[in-house]
Structure formats: structure tokens, C-alpha cells
Amino acid sequence: MAWVLKMDEVIESGLVHDFDASLSGIGQELGAGAYSMSDVLALPIFKQEDSSLPLDDETKHPPFQYVMCAATSPAVKLHDETLTYLNQGQSYEIRMLDNRKMGDVPEITGKLVKSIIRVVFHDRRLQYTEHQQLEGWKWNRPGDRLLDLDIPMSVGIIDTRTNPSQLNAVEFLWDPAKRTSAFIQVHCISTEFTPRKHGGEKGVPFRIQVDTFKQNENGEYTDHLHSASCQIKVFKPKGADRKQKTDREKMEKRAAHEKEKYQPSYDTTVLTECSPWPDTPTAYVNNSPSAAPTFTSPPPSACSVPDSNSSSPNHQGDGIPQASSEQLQPSATIQETQQWLLKNRFSSYTRLFSNFLGADLLKLTKEDLVQICGAADGIRLYNSLKSRSVRPRLTLYVCREQPAPQGQQPAAGGGESGSATPFVYHAIYLEEMVASEVARKLALVFNIPFHQINQVYRQGPTGIHILVSDQMVQNFQDESCFLFSTVKAENGGGVHIILK
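The structure displayed is predicted, hence computed values, not measured ones.

Reading guide: rules and limits
- Residues numbered from 1 in each chain as written.
- Predicted model: local features only at pLDDT ≥ 70, side-chain atom pairs only at ≥ 80, totals over all residues.
- Heavy atoms only, no water.
- Core = buried A, V, L, I, M, F, W, Y, C linked by side-chain atoms within 4.5 Å.
- Buried < 20%, exposed > 50% of the residue type's maximum accessible area, 1.4 Å probe, protein only.
- Helix = DSSP H or I, 4+ residues; strand = E, 2+ residues; numbered from the N terminus.
- Contact = heavy atoms within 4.5 Å.
- Pairing = 2+ DSSP bridges.
- Axes fitted to C-alpha atoms, helices over the stretch in contact; angles between N-to-C directions.
- Expected span 1.5 Å × (residues − 1).
- Arc of directions from axis to C-beta.
- Salt bridge = Lys/Arg side-chain N within 4 Å of Asp/Glu carboxyl O.
- Phe/Tyr/Trp six-rings, centres within 6.5 Å; stacked < 30°, edge-to-face > 60°.
- Lys NZ or Arg CZ within 6 Å of the ring centre and 35° of its normal.
- Parallel < 35°, antiparallel > 145°, perpendicular 65-115°, else oblique.
- Left-handed = near helix turned anticlockwise from the far one by under 90°.
- Nonpolar A, V, L, I, M, F, W, Y, C, P; charged D, E, K, R; others polar.
- pLDDT = per-residue confidence, 0-100.

(A) View of the nonpolar core. Met 68, Ile 117, Val 186, Phe 206 and Ile 208 are the most contacted members of the largest nonpolar core, which totals 40 residues. Sort the elements by how many residues they give to this core and strand S10 (residues 221–235) lands first, with 5 residues. Excluding its chain neighbours within four sequence positions, the residues that come into contact with Ile 117 are Ile 94, Leu 147, Asn 168, Ala 169, Val 170, Phe 172, Ala 182, Ile 184, Ile 208, Gln 209 and Val 210. Counting 24 residues, the second-largest nonpolar core is a separate cluster that includes Ile 428, Ala 435, Val 438 and Phe 476.

Below, the structure is given as C-alpha cells:
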């Protein structure tokens, strides 16, 4: 019995010791060294509350996504824009993907949209002289285009269009509900726009930009939906593959901690969202003498968008109202001011002037704008705000002759007829002293289909008809007045215009 009692005492003392040891740890785990707020925030209750917050991706969801099947360069630092190397003349696929969620942009469901693909300059310096750069390229490469569609390889594109005066753009219709891939070919190389214009020096980067539009109430594809772009460099055939290999080998030689500063190379290039190209909101126009190709055929009206060659932007005829975006009004809202900046190719300053009304922008002096935007952009913005126009080389006043009552002659020189009905003259402004521009301006102002005008004559002595040539136009006196009439051509196809 004594042995049993002793064993009970030993067991009891052991239990007390273990209990005291377990109590000695209380408080140490909650000390300053072990306590961490991040551990507390990691508890499931906080995670549930955090997941209920809206994500940025949910608030901004683009309707489309464009993916170019070309690998990005591995020699691009983190947080920099991707750079993709292309071979001159090689076909590259751009996948046009419908990225809409259920209920997004329902007005295009079951309908076609229009996309314009452009190759443009990445450097702002070259953007300012884009017209001169492209004209120089056209002179050196007659008959070539900067950008082409490989139509046989493309899938799902409808009614492709290329404008002879826009060598760097192609456009087409497509159905977002169907698989669509546009294969493009870039024919210009990056070194063609460097001072020496040959290999052995760093070429200029370009941008591939895609702008997509839906139909407006008139059936024209002018309502902007989405824009995205990516940075590229174009090399002579197989040059892009060699450059990609060189960049990869350079990255392999770098230390591990240096590699962490660079992006990995991706098999495809995802175009990132951007502002629409400045001249995309306008309707498609053609500068060639033939009839302008469009996706719709609206009846001619005085408010139609004119050709860039058919009327001076600052000297429209009386029958063509000035576009509201050409001159910024003091009453313009913030949104209208932003649209004006985009329209006039100041897209890089839209964020800077994001809170400016029209009156605020017009109050800035030339010195203010030069200080804000730099010399080149500041002067250009100042001139645009003040609507400084280029004086035309020749101004003519023309009036369409109306059939006069029997025995009554029209008043020459723009007077009034016997019935007190005034002859209303329209001003046309010529930047080029050629006969074709006279015909084009007359067609624009008086809504005559340009392709229907066969010849323009001037009535001479004894009523003879003299063909209007370039030399005759060059000898017109400035601010000459003409009455004109139209007569059907002998073969019944088109009309002749007779200036009197």
C-alpha cells in the first residue's frame, strides 16, 4: 500500500511540473518580437472582406483586343513598352478578338464594325513632319505602299479599302462574332527615315495602330469604339530574326540579378489601349481624282466631308460650312476641348489640358504655350488656336447660271436681274493653279459628281468654247467673276462646264 501511495505522489508531481511548464510560455508568443500585423491581416476573415472590393480590371474592360503573332524583344526593361521586330514585306497576323462581356456594347451585336490599321511614326519629332517624310518615301519608292493587307491569308475581313493618298493605312469591315485575322505587310524599314537612310545605324521605331468604329445614325462608320497600338522596328528580310537572336544572346550573358530588370520575350504582341489616331473620327475620303470609295453611299450634301485636296481647310466655299472642330470656341466644354486637341493632332497634350475649357486654352499667350509644350508644339498650337490660314494662290467667284425668263438677259458681273433676284456667287480657293482643281472645287461647291465632269470650257469671243488648261488657269486674274452653266456631253455620259 505504501508503494502505491508513493507512485501516486510521483505521478502528481510530474503532472504539476508539466502544467507549470506549459503556463510559462503564455505571453511570450504575444511579445513584441513575435506579434505581426501582416499575420493578423492574413486571417480568413480579412481575406473575405478584401475579395469583396472591386478590381481595376472589372471597372475597365475594353470591347476588343488585338494580338499580333510576332515575338517581343527580350531586351526591354520592366515597365517599358514592348518592342517587336518585323521583317520587311513578311505577312504578320493580327487577331481581332471580341473581348466584350455579356451586355457590353449591345448596339454592335449582329453588326459589322470597321477597323483601320496604320503604320505611323513613334517619335514625336517625326510625327510633326510625317507628311514630308511619307512624300519623300513615295518619291523614292514610286508605286509602293508602306502598309498592305495580305488578303489571301486574311480571314473574316470584308470590303477591304486602300486610299491611294494614304500609303500607310488599310481598312476593312469585320464581324466581332466571327473569327477574324488580318495579315499585314510593312514595306518600309526603320533605317529609311534616318539621316543616312541605310543600314549600320539605329533605325527609327514605328507604331502599328488599330482604330475600330461602329456605324452612326447615318450608317457611316465614324463612331469610335476602341484603339490600341504597339511599338515595332522593321528590318530588311530576315534582319528581324537576327536582331531577336542577338538580343536573346545578350540577355543570356547577363547576370541573374541584371536579367530581373528586363521583360521576358513573349511569343505574341498584345496591342495596348491608346487614344484614337487624330484623323480617324472623320469619314473616309479619297484624294485621287476618281470618285471617293466609301463603305456607304450617302447622297451628296453641303455638309459632307470634303476631300483634303478639293477645298482649303481654311478657305471653304460658301456652300460648305466650316467644320466645328477647325476653330476652338471660347464656349467649348472640357470634352469639346479634348476633341479639338485630338482632331488637330495634339493628343500628347490631352492629359496636360484635361481640365481646360475652350476659354482657358484661348487665354494662353504664345510664350505660355512655348513654355508648356516646347518651341515646335507651342508655336503650332498657338497658330491652330488663332486659326492662322495659308493664303490661297487664286480666288475665283462663280455663280451657277439660272434659266432667264424669255427676253431677259442675266446681269453680267454679279448684279441683279430685272426681277430683283440677286445672283449669289460662291468663292472657290485654289492652292494649285491647275485646271483639274478648278473642276474639283466646282464639283464640291455645287454638288456635281466630280467623275461626271468631262471638260471645263471658257466662253470666248463670238461664243466659242475654249478648253480650260493649266496655262489658262495660271493667267486668270485674282478674284475673277464667272457665270457657269452645264451642258450634257455628246455621248450622254457626263457633263461639260462652260465658264462665261
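Alright, that's what it looks like, and here's the rest.
(B) Broad picture of unusual backbone geometry. In this structure, His 79 is a non-glycine residue whose phi angle is positive, near 70 degrees. Along the chain, His 79 turns up in the loop between strand S1 (64–68) and strand S2 (83–87). Backbone geometry at Arg 345 places phi at a positive 65 degrees, although glycine is not the residue there. As for its placement among the helices and strands, Arg 345 is situated in the loop between helix H9 (334–343) and helix H10 (358–363).

(C) Structural detail: the sheet that holds strand S8 (residues 180–186). The sheet built from 5 strands is open, its strands ordered S5-S8-S3-S1-S11 with antiparallel pairing. On the outer flanks of this sheet lie strand S5 (147–149) and strand S11 (269–270), each paired with one strand and no other. Here S1 pairs with strand S3 (residues 91–98) via 5 bridges, running antiparallel. Bridging across to S3, Gln 65 finds its partner in Leu 97.

(D) Seen up close, the pairing of S3. Relative to S8, S3 runs antiparallel, the two sharing 6 bridges. Paired with Met 96 across the two strands is Thr 180, which belongs to S8.

(E) The arrangement of the sheet that holds strand S17 (residues 480–488) in detail. Spatial ordering of the open sheet is given by S14-S13-S17-S18-S15-S16, a layout of 6 strands whose pairing is mixed. Two strands bound the open sheet, and with one partner strand each, they are strand S14 (426–430) and strand S16 (465–467). Along the sheet, successive strands turn relative to each other by an average axial angle of 40 degrees, direction set aside. The pairing of S17 with strand S18 (residues 495–499) spans 5 bridges and is classified as antiparallel. For Phe 484, the partnering residue across the bridge sits in S18 and is Leu 499.

(F) A look at helix H7 (residues 239–253). For H7, which comprises 15 residues, the first-to-last C-alpha distance of 21 Å matches the rise-based estimate of 21 Å (1.5 Å per residue) to within 8%. Of the residues making up H7, those classed as buried are Gly 239, Ala 240, Gln 244, Asp 247 and Met 251. Buried positions in H7, seen along its axis, are confined to an arc of 135 degrees and lie on one side of it. Of the residues in H7, the exposed ones pointing more than 90 degrees away from the buried face are Arg 242, Glu 252 and Lys 253.

(G) Region of the structure containing the pattern of salt bridges. Scanning the model with the defined rule gives 14 salt bridges in all. One salt bridge in this structure joins Arg 207 and Glu 81, with 2.5 Å as the shortest N-O distance. Placement of the pair is Arg 207 in strand S9 (residues 206–215) and Glu 81 in the loop between S1 and S2, with a sequence separation of 126 residues. With relative accessibility at 30%, the residue Glu 81 sits in the partly exposed group.

(H) Seen up close, the packing of aromatic side chains. One pass over the structure, following the stated rule, counts 7 aromatic pairs. Here the aromatic rings of Phe 121 and Phe 206 are separated by 6.0 Å at their centres, their planes lie at 40 degrees, and the arrangement is tilted. Linking Phe 121 in strand S4 (residues 113–121) with Phe 206 in strand S9, this pair joins segments that are 85 residues apart in sequence. On the accessibility criterion, Phe 121 (3% relative accessible area) is buried. Plain terms: the ring middles of Trp 340 and Phe 346 are 6.2 Å apart, the flat faces sit at 10 degrees to each other, and that makes the pair stacked. In this pair, the class of Trp 340 matches that of Phe 346, namely buried. Between Arg 380 and the ring centre of Phe 346, over which it is positioned, the NZ or CZ distance is 4.1 Å.

(I) Here's a closer look at the packing of helix H11 (residues 366–373) against helix H12 (residues 375–385). Two numbers describe how H11 lies on H12: the axes approach to 7 Å, and their chain directions differ by 140 degrees. On the basis of the axis angle, H11 is oblique to H12. Every pair of crossing elements has a handedness; the one defined by H11 and H12 is right-handed. The segment H11 lies against H12, with Lys 366, Leu 369, Val 370 and Cys 373 engaging Ala 375, Asp 377, Gly 378, Ile 379, Leu 381, Tyr 382 and Leu 385. Tallied by class, residues from the contact of H11 with H12 come to 8 nonpolar, 1 polar and 2 charged.

(J) Spatial organisation of the confidence of the model for the chain. This prediction gives the chain a mean pLDDT of 75; 72% of its residues lie at or above 70. Note that residues 26–35 has pLDDT below 50 and, in this model, 4 contacts with residues that lie over four places away or in other chains. Per-residue pLDDT stays below 50 along residues 411–418; that stretch engages in 12 contacts with residues further than four places along the chain or on separate chains.

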